[in-house]
Amino acid sequence: MIEQEIFSTFILEDNLNLNIEEMNKFAYKLKNEDKGTKMASSSQGGFHSDELNLEEPVLQPLIKAITEISLIYFKKLNIKEAHGLSINNMWFIINKENSYNKPHTHPFSFLSGAFYSKAAAKSGDIVFMNPNPKLEAYWHDGAYAGWNKYQSDINTRQSLANKIILFPSWLEHYVTPNQNEEDRIVWSFNLQLT
Ligand SMILES: [Fe+2]
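Computed from a predicted model, the values in this text were never measured in an experiment.

Enquirer: Looking at this model, I keep getting lost on the sheet that holds strand E3 (residues 47-48). Mind explaining?
Expert: Pairing between the strands of a sheet is mediated by backbone hydrogen bonds and can be parallel or antiparallel. Spatial strand order, E1-E9-E6-E11-E4-E3: six strands in an open sheet with antiparallel pairing. Both outer strands of the open sheet, strand E1 (12-15) and E3, are each paired with one neighbouring strand and no more. Bridge count for strand E4 (residues 85-95) against strand E11 (residues 184-193) is 10 bridges, and the pairing is antiparallel. Considered in E11, the bridge of Ile94 is made with Ile185.

Enquirer: I tried to follow the environment of Gly113 on my own but got confused; where do I start?
Expert: By secondary structure assignment, the location of Gly113 is in strand E6 (residues 111-118). Residue classification places Gly113 among the buried residues on the basis of 28 C-beta atoms within 10 Å. In this structure, the C-alpha to C-alpha distance between Gly113 and Gly45, residues 68 residues apart in sequence, is 21 Å.

Enquirer: Explanation requested: the sheet that holds strand E5 (residues 100-104) in the structure shown.
Expert: The five strands are arranged E2-E5-E10-E7-E8 in an open sheet whose pairing can be described as antiparallel. Each end of this open sheet is capped by a strand with a single partner; those strands are strand E2 (43-44) and strand E8 (154-157).

Cut-offs applied
Residues numbered from 1 in each chain as written. Predicted model: local features only at pLDDT ≥ 70, side-chain atom pairs only at ≥ 80, totals over all residues. Pairing = 2+ DSSP bridges. Helix = DSSP H or I, 4+ residues; strand = E, 2+ residues; numbered from the N terminus. Buried ≥ 20, exposed ≤ 12 C-beta atoms within 10 Å, placed from the backbone.

Pasting the structure below:
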């Protein structure tokens, strides 16, 4: 008997060791200068920055880490050597208590990611939704003794300070409400196939 996994979704997580105090200081500085975006945002109640200048010195350690980790993804997807991945854009969101993010994808990008410079237990987790739209209509809740990757409709990843997550841009996700008095700060980014 041969068991086959015929389709699969792959995400990457890593714990970095970046200077998150410096990043948080930078984020609050822009917030206090009211450098927020007027663009549509998934954030409900949070502060969404404008697109950041990728030349900004404070962002360089994160950009270096993203470049390194995206290579692993690149290999996993068996992308032709002639291609590369480059960072398209980056922004941050400060979710204060009770703020959350509605379900969304990151259109026109290849990979997307999140890095948390300020997060703790219950400050809002990222929840990935099963990309199979037929699952809910055919395989009903209640039949399972426990959830696994074949039948669960969501997968929750805890947001913790200094953690990075990389995922396919088409994978729908949302963020649960921040149940802490402390803010949650995430740096989001998109990567383009070049
Ligand atoms: Fe997102």
